[in-house]
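A structural walkthrough
What follows is the residue order along each chain.
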Amino acid sequence: MAKIIAITNQKGGVGKTTTCVNLCAALNMKGKRALLVDCDPQGNASSGMGVSKNQRPNTYDILINDTPAADCVVHTDYGDVIPTGKELAAASVELIDTDRREFVLKKALLSLYSDYDYIFLDCPPSLELLTVNALVAADSVIIPMQCEYYALEGIVDLINSIKMCNKHLNKRLEIEGIVLTMYDARTNLTNQVANELRKFLKDKVYDTVIPRSVRISEAPSHGIPGVVYDNYNKGSKGYMALADEFIRRSEL
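Residues numbered from 1 in each chain as written. Predicted model: local features only at pLDDT ≥ 70, side-chain atom pairs only at ≥ 80, totals over all residues. Heavy atoms only, no water.

A word on helix α7 (residues 149–168). Here α7 contains 20 residues, and its C-alpha end-to-end distance of 30 Å stays within 8% of the 28 Å for a straight helix at 1.5 Å per residue. In this fold, the buried residues of α7 make contact with α6 (129–137), β6 (140–146), β7 (174–183) and α8 (188–201). (Helix = DSSP H or I, 4+ residues; strand = E, 2+ residues; numbered from the N terminus. Expected span 1.5 Å × (residues − 1). Contact = heavy atoms within 4.5 Å.)

See below:
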């Protein structure tokens, strides 16, 4: 049965989608069956895996039109994807009057549990109904985080949101891990923030860090995950190492 992991951070620009795309691709390269479900109306995870944002049916159709999830899966060379586009932005409003609206995504994904080892949910950078659906469907959460003090402050709010969801909507939800992105060990700030985070959250912080990489940033413009676009650069090596650590931790 698949393990479902929501990748989220209420702060934008922290490498959330980049982490989702590259971790999913890296796991597929290591022989795992991984599916990426794009739950962010920006659709960047879809295009990052080489799938058009105009592809239908997609996540919107799962949530609003009761389309079977299996009918929305697109097979790529880097892993399977359920894409999305700008129409998903309307889903939060359209779901308002739906019974048990927080559980729609969870119910839809049940049919895919036996087809994958891991299902990753790329969430919007805000705590809205789409994110809540992802947190309810998920077994755990990965939080990408940039090493700066605003991010350190914001993670407290995010952890509180996860705890609230755990208490009221999804009792099995837990933090899978926090991954430090855009890491620059040459700066004092990076090291200070990393040390503070590890001091308070201990082994919830992954040992693997993701360094800044121009090649990783270039990859989405070619519709290719960074770990495939240039697998020798330091960012790709970081995500491949993260995949190894993720497998090791999640399969204990």
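This part takes up the packing of helix α1 (residues 16–29) against helix α11 (residues 234–250). Pairs of packed helices are described in terms of their axes, by the angle between the two and the distance that separates them. Between α1 and α11, the shortest axis-to-axis distance is 9 Å and the interhelical angle comes to 70 degrees. Between α1 and α11, the angle falls in the class roughly perpendicular. Here α1 contributes T18, T19, N22, L23, A26, L27 and M29 to the contact with α11, which in turn contributes Y239, M240, L242, A243, F246 and I247. Its residues assigned to classes, the contact of α1 with α11 comprises ten nonpolar, three polar and no charged. (Axes fitted to C-alpha atoms, helices over the stretch in contact; angles between N-to-C directions. Parallel < 35°, antiparallel > 145°, perpendicular 65-115°, else oblique. Nonpolar A, V, L, I, M, F, W, Y, C, P; charged D, E, K, R; others polar.)

Our next topic: the environment of A26. Mapped onto the secondary structure, A26 falls in helix α1. Look past the residues within four positions of A26 in its chain and what remains in contact with it is V227, Y239, M240 and A243.

As a further point, take the pattern of salt bridges. For the coordinates displayed, the defined rule picks out twelve salt bridges. D244 is the partner of K30 in a salt bridge, and the nearest nitrogen-oxygen pair spans 3.0 Å. One end of the pair, K30, is in the loop between α1 and β2 (34–38); the other, D244, is in helix α11, with 214 residues separating them in the sequence. With a shortest N-O distance of 2.9 Å, R186 and D184 are connected by a salt bridge. Looking at D184, the relative accessible area reads 18%, which means it is buried. Salt bridges linked by common partners bring K16, D40 and D122 together as one network. (Salt bridge = Lys/Arg side-chain N within 4 Å of Asp/Glu carboxyl O. Buried < 20%, exposed > 50% of the residue type's maximum accessible area, 1.4 Å probe, protein only.)

To continue, consider the nonpolar core. In terms of nonpolar packing, the biggest core is built from 55 residues, with I82, L109, I119 and L121 touching the most fellow members. Grouped together as the second largest cluster of nonpolar side chains are 31 residues, C24, A26, Y78 and I142 included. (Core = buried A, V, L, I, M, F, W, Y, C linked by side-chain atoms within 4.5 Å.)

Turning to the packing of aromatic side chains, a few remarks are in order. Per the counting criterion, the structure on display carries three aromatic pairs. When the centroid spacing of 6.4 Å and the interplanar angle of 40 degrees are considered together, the rings of Y118 and F120 count as tilted. Neither residue differs from the other here; Y118 and F120 are each classed as buried. With a centroid separation of 4.9 Å and 65 degrees between ring planes, the pair formed by Y118 and F246 is classed as edge-to-face. (Phe/Tyr/Trp six-rings, centres within 6.5 Å; stacked < 30°, edge-to-face > 60°.)

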